[in-house]
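# Structure at a glance
Here's the letter readout for the chains.
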Amino acid sequence: MDRAVFMSLADELRPFLEPGQSPRGLEVLSVEKQLAMTLYFLKDQGSLIMTANAFGVAHCTVSVVVRKVCDLITNVLGAKYIKLPTTDQEMKDVIDGMENKYGFPQAFGCVDGTHIPIAQPCENPHDYFNYKLKYTLNVQGVCDWKGLFLDVDIKWPGSVHDGRVFANSRINRLLPMYYKELLPGQEKIPVTLLGDPAYPLLPYCMKEFPNARSNEEVIFNNMLRSSRNPIECAYGRLKASGKY
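Residues numbered from 1 in each chain as written. Predicted model: local features only at pLDDT ≥ 70, side-chain atom pairs only at ≥ 80, totals over all residues. Heavy atoms only, no water.

## Quick look at helix α9 (residues 229–239)
Of all the positions in α9, only Pro230, Ile231, Ala234, Tyr235 and Lys239 are classed as buried. Along the axis of α9, the buried residues cluster in a sector spanning 160°; they form a single face. Positive backbone phi, at 55°, marks Ala240, one or two positions downstream of α9. (Buried < 20%, exposed > 50% of the residue type's maximum accessible area, 1.4 Å probe, protein only. Helix = DSSP H or I, 4+ residues; strand = E, 2+ residues; numbered from the N terminus. Arc of directions from axis to C-beta.)

And the structure:
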């Protein structure tokens, strides 16, 4: 993260982190220091001790600041930047972007799940033990052709299958939310998400042909895999390492 991006993020959080703005009036750390501490902690499976030593503060201060800044980013900035298209024009723009770059028509986004490691929970730990032999949360994300997240669902234990997460997710309840007329006078059809074989085949969710044999099926599968690449890259940037 360069200085300009850091300062832009700090300015968005400033009304909520400015020293003395709390009803208790206890905040004395600058907005920039609170944000820097949080990013330092998050950069690589953070350590309270390393962060406290790096910034010259107590361990308990790091704990309070990181939780507060993460809550603000999630609840204040999350809805501003992670959102589905709300108008016909916005939806048309993301559909056109996908088709222009990858050649796949009528798709507005890609859906996939990823596992985020967590400490072993005290209650029902077996629910969180996944096929990778780790305790995780199964996080579902939807992104557009540029790899920008449009929707996330973060509440399912690691043992839950991607298909079940999708079936119970907000995006599944909202779809189909936009119909497009391909031929004049013909019935409009819904726009779709692109999923991997773990997802169900629905009018608004496309996946590969199983055991593709014909040239047409092979071409379709190759195009769909290529068009799903943005979600894989988005998760790669989010995790920024190969540890997961």
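Anyway, onward from the coordinates.
## Let's talk about the side chain of Asn130
Within the secondary structure, Asn130 is located in the loop between β1 (107–117) and β2 (136–143). If sequence neighbours within four positions are ignored, Asn130 has contacts with His115, Thr136, Gly158 and Ser159. (Contact = heavy atoms within 4.5 Å.)

## Here we look at a nonpolar patch on the surface
A cluster of nonpolar side chains, Tyr81, Ile82, Val152 and Ile154, forms an exposed patch at the surface whose accessible area comes to about 360 Å². In this structure, Val152 sits in strand β3 (residues 149–157). (Patch = residues over 30% accessible without salt bridge, like charges linked within 9 Å, V, L, I, M, F, W, Y side chains within 5 Å. Areas by Shrake-Rupley, 256 points an atom, 1.4 Å probe, with all protein chains shown as cover. Salt bridge = Lys/Arg side-chain N within 4 Å of Asp/Glu carboxyl O.)

## Quick word on the sheet that holds β2
Strand order in the open sheet formed by five strands is β3-β2-β1-β6-β7, and the pairing between neighbours is mixed. Edge positions in the sheet fall to β3 and β7 (205–206), since each has one partner strand and no second. Pairing of strand β6 (residues 192–194) with β7, which is carried by two bridges, proceeds in the parallel orientation. Within β7, the position partnered with Leu193 by the bridge is Cys205. Against the sheet, helix α5 (residues 88–102) touches β1 and β6, its axis set at about 80° to β1. Lying over the sheet, α9 contacts β1, β2 and β3, oriented at roughly 35° with respect to β1. (Pairing = 2+ DSSP bridges. Axes fitted to C-alpha atoms, helices over the stretch in contact; angles between N-to-C directions.)

## Re the UniProt feature "domain: DDE Tnp4" (unreviewed entry) in the protein
Sites flagged by UniProt as "domain: DDE Tnp4" (unreviewed entry) map to residues 111–239. Helix makes up 27% of residues 111–239 and strand 26%. Its end C-alpha atoms lie 17 Å apart. (UniProt positions renumbered as here; feature names shortened; annotations may be inferred.)

## Quick word on the pairing of β3
For a regular strand, side-chain orientation follows a simple rule: the groups alternate between the two sheet faces. Here β2 pairs with β3 via seven bridges, running antiparallel. The residue bridging Gly141 from the neighbouring strand is Val152, located in β3. In sequence, β2 turns back onto β3 through a hairpin of five residues, with Gly147 there showing a positive phi of about 85°.

## As for the nonpolar core
Formed by 18 residues in total, the largest nonpolar core has its most connected members in Leu13, Leu17, Leu35, Met37, Val62 and Val69. Counting residues per element, the ones that place at least two in this core are α1 (3–17), α2 (31–42) and α4 (59–81). The biggest single contributor to this core is α4, with six residues. With near-sequence residues (within four places) excluded, Val69 lies in contact with Leu13, Leu17, Gln34, Leu35 and Thr38. Ranked by size, the runner-up nonpolar core spans 17 residues in total, among them Leu84, Ile171, Leu193 and Tyr204. (Core = buried A, V, L, I, M, F, W, Y, C linked by side-chain atoms within 4.5 Å.)

## Digging into the confidence of the model for the protein
Of all residues in the protein, 94% attain a pLDDT of 70 or more, and the chain-wide mean is 89. Across the protein, the secondary-structure element scoring lowest on mean pLDDT is strand β4 (residues 179–180), at 84, and the one scoring highest is β2, at 96. (pLDDT = per-residue confidence, 0-100.)

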